[in-house]
Amino acid sequence: MCNDNVRKGYNKVAENYLKGRDQFKNDKYLERLIKLLPKGSLILDIGCGAGIPIDSFLVDKGFKVKGIDISEKQIELARKNVPQADFVLKDMSLLKDNEYKVDVVISFYAIFHTPREKHLDLLKKFKSFLKDDGLLLVTMGSSDWVGTEKDFFGGEMSWSHYDANSNKELIKKAGFKIIFEEIDTSGNEKHLVVLAKK
Ligand SMILES: C[S@@+](CC[C@H](N)C(=O)[O-])C[C@H]1O[C@@H](n2cnc3c(N)ncnc32)[C@H](O)[C@@H]1O
């Protein structure tokens with residue numbers, strides 16, 4: 001598993017991925033999140049992709065959004081698609097404690113592109129970005145798997161994740177209290193979705 005291969009992979013498949021992206025339905029999770037937020041809250045989206053549908057939804061609802069992604073192509077698309085948000089090219093594995101101060105950290109379908117042995121540290125880092133009572137909304141793997149696919153939307157891609165119960169334990173171990181969790185089966189994959197509080 002190498003972050004640079006993931007970066008190259010998304011640079012290649014970004015547009016194809018976006019075309020297939022609407023198979024995953026995230027609105028109900030976002031609606032649940034925003035019910036808990038005052039207008040104008042600042043949200044950090046880690047592994048933001050092309051900004052659609054998540055950041056566009058949040059901006060339309062009146063929230064301030066910052067996004068980071070490792071792929072140049074994804075950042076280029078996100079800037080075009082959601083000009084009201086602030087997108088920066090960054091590898092989440094290189095983030096530092098307290099580098100941000102935000103009300104919410106979200107990360108959809110991205111953590112599992114980094115080595116799973118580092119997921120606990122990553123979640124602790126996300127917690128350091130949150131103000132008191134800040135919220136976390138993430139997807140993580142639902143099964144135990146490390147591997148590479150040759151043809152993910154037309155490019156090679158790698159994943160690294162534990163099963164759903166282990167991932168929930170990681171989130172708790174990182175210091176979060178889980179508010180809501182379920183396995184999302186809306187697309188042709190299964191993902192653990194967790195909403196949690198600092
Ligand atoms: C499956 S896409 C999901 C994009 C977006 N979150 C969405 O829901 O449409 C995964 C994204 O995570 C990004 N990503 C993967 N590894 C990353 C890393 N180490 N740091 C930052 N972004 C990363 C990829 O470039 C890609 O844009």
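Please read all numbers here as calculations on a predicted model, not as lab measurements. (Residues numbered from 1 in each chain as written. Predicted model: local features only at pLDDT ≥ 70, side-chain atom pairs only at ≥ 80, totals over all residues. Heavy atoms only, no water.)

1. Some words on the nonpolar core
Move 1: Core analysis: the biggest nonpolar cluster contains 36 residues, and L33, L37, L58, I106 and L137 have the highest contact counts within it.
Move 2: Looking at this core, the elements that each hand over two or more residues are α1 (3–20), α2 (27–34), α3 (54–60), α4 (72–81), β4 (102–107), β5 (130–141), β7 (155–161) and β9 (191–197).
Move 3: Contact partners of I106, with chain neighbours within four places excluded, come to L33, I43, L44, D45, I46, I54, D55, L58 and L137.
Move 4: Counting 28 residues, the second-largest nonpolar core is a separate cluster that includes I68, L95, V105 and F176. (Core = buried A, V, L, I, M, F, W, Y, C linked by side-chain atoms within 4.5 Å. Buried < 20%, exposed > 50% of the residue type's maximum accessible area, 1.4 Å probe, protein only. Helix = DSSP H or I, 4+ residues; strand = E, 2+ residues; numbered from the N terminus. Contact = heavy atoms within 4.5 Å.)

2. A word on the UniProt feature "domain: Methyltransferase" (unreviewed entry) in the protein chain
Move 1: Under the present numbering, the feature "domain: Methyltransferase" (unreviewed entry) in UniProt falls on residues 43–134.
Move 2: In residues 43–134, the share of helix is 29% and the share of strand is 27%. The end C-alpha atoms are 10 Å apart. (UniProt positions renumbered as here; feature names shortened; annotations may be inferred.)

3. Some details on the environment of W159
Move 1: The residue W159 is located in strand β7 in this model.
Move 2: Classification of W159 as buried rests on a relative accessible area of 9%.

4. Some points on the sheet that holds strand β8 (residues 177–184)
Move 1: Sheet architecture is open: seven strands sit in the order β3-β2-β1-β4-β5-β9-β8, paired in mixed fashion. Every other strand in the sheet has two partners, leaving β3 (86–89) and β8 as the edge strands with one partner each. Ignoring strand direction, the axes of neighbouring strands in this sheet form an average angle of 15 degrees.
Move 2: Taken together, the five bridges between strand β1 (residues 42–46) and strand β2 (residues 64–69) define a ladder with parallel strand orientation. Each residue of the ladder has a partner; that of L42, found in β2, is K64.
Move 3: On the sheet, α2 packs against β4, β5, β8 and β9 and is oriented at approximately 165 degrees with respect to β8. (Pairing = 2+ DSSP bridges. Axes fitted to C-alpha atoms, helices over the stretch in contact; angles between N-to-C directions.)

5. Some words on the environment of G154
Move 1: For G154, the position within the fold is in the loop between β6 (145–152) and β7.
Move 2: For G154, a relative accessible area of 37% gives the class partly exposed.
Move 3: G154 sits 140 residues away from A14 along the chain, and the two C-alpha atoms are 9.7 Å apart.
Move 4: Aside from chain neighbours lying at most four places away, what touches G154 is K12 and V13.

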